[in-house]
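For reference, the chains in residue letters:
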Amino acid sequence: VRLVESGGGLVQPGGSLRLSCAASGFTFSSYAMKWYRQAPGKERELVAGITSAGGSTDYADSVKGRFTISRDNAKRTVSLQMNSLKPDDTAVYYCNAAHPVRDNYWGRGTQVTVSS
């Protein structure tokens, strides 16, 4: 099982980044997919989630209207489009595959830094 995040980097406040997560080794289309983030000294928090078929999404209040989660089950990828980035969005972003009865899986994370 692998979840590999990409797309992180340094961006100025107000800028945009698109994170991607490539999945392999499990039945991707059966799993809800989520993005979490963890800033230094803080607990990991849920940022956005999308159901297995992509029909429903959910967002943390802090990112609503700025971030958009999407998935492509044919390509086994999930993405997070992040717009109007703020310094408070600085964190390591993790991809998570969630299932109610099967094991959950995590990627190793990608660093997002928002700074001028």
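The coordinates are above.
The text that follows walks through the structure, step by step, so that each part is easy to find. (Residues numbered from 1 in each chain as written. Predicted model: local features only at pLDDT ≥ 70, side-chain atom pairs only at ≥ 80, totals over all residues. Heavy atoms only, no water.)

Attention now moves to unusual backbone geometry. Of note, Arg76 is a non-glycine position whose phi angle comes to about 60°, a positive value. Turning to its location among the elements, Arg76 is positioned in the loop between β7 (67–72) and β8 (77–82). In this structure, Ser84 takes a positive phi of about 50° despite not being glycine. Here Ser84 shows up in the loop between β8 and β9 (91–98). (Helix = DSSP H or I, 4+ residues; strand = E, 2+ residues; numbered from the N terminus.)

Overall, the coordinates contain one disulfide when judged by the stated rule. The disulfide that involves Cys21 links it to Cys95, with 2.1 Å between the sulfurs. Its S-S torsion of about -85° marks the bond between Cys21 and Cys95 as left-handed, since a negative value means left-handed. You can see Cys21 sitting in strand β3 (residues 17–24) and its partner Cys95 sitting in strand β9, a full 74 residues away along the chain. Here Cys21 matches Cys95 in class, with each residue buried. (Disulfide = S-S within 2.5 Å. Buried < 20%, exposed > 50% of the residue type's maximum accessible area, 1.4 Å probe, protein only.)

Our next topic: the environment of Lys64. With respect to the helices and strands, Lys64 occurs in the loop between β6 (57–59) and β7. Residues Lys64 and Val47 lie 17 residues apart in sequence; the distance between their C-alpha atoms is 9.2 Å. Separated by 3.2 Å, the side chains of Lys64 and Asp61 make a polar contact. (Polar contact = N/O pair within 3.5 Å; in protein donor to acceptor, adjacent residues only side chain to side chain.)

Next up on the list: the sheet that holds β7. Spatial strand order, β1-β3-β8-β7: four strands in an open sheet with antiparallel pairing. The sheet terminates laterally at β1 (2–6) and β7, the two strands that pair on one side only. Strand-to-strand twist across the sheet, computed as the mean angle between neighbouring axes with direction ignored, equals 15°. (Pairing = 2+ DSSP bridges. Axes fitted to C-alpha atoms, helices over the stretch in contact; angles between N-to-C directions.)

The next subject is the side chain of Arg71. Within the secondary structure, Arg71 is located in strand β7. Although Arg71 is buried, it makes no salt bridge; Asp72 carries the closest opposite charge, 8.2 Å away. A distance of 2.9 Å separates a polar atom in the side chain of Arg71 from the backbone oxygen of Thr51. Polar contacts involving the side chain of Arg71 include one to the side chain of Asn73, which spans 2.7 Å. In this view, Arg71 contacts Phe28, Ser29, Tyr31, Ala32, Met33, Ile50, Thr51, Ser52, Gly54, Thr77 and Val78; residues no more than four positions away in its chain are not counted. (Lys, Arg positive; Asp, Glu negative; His and termini not counted. Salt bridge = Lys/Arg side-chain N within 4 Å of Asp/Glu carboxyl O. Contact = heavy atoms within 4.5 Å.)

Within this structure, the stated rule accounts for four salt bridges. The residue Asp61 makes a salt bridge to Lys64 at a minimum N-O spacing of 3.2 Å. We classify Asp61 as exposed; its relative accessible area is 66%. Taking the shortest distance from any N to any O, the salt bridge between Asp89 and Arg66 comes out at 2.7 Å. Here the residue Asp89 occupies a position in the loop between β8 and β9, and Arg66 occupies one in the loop between β6 and β7, the gap between them amounting to 23 residues.

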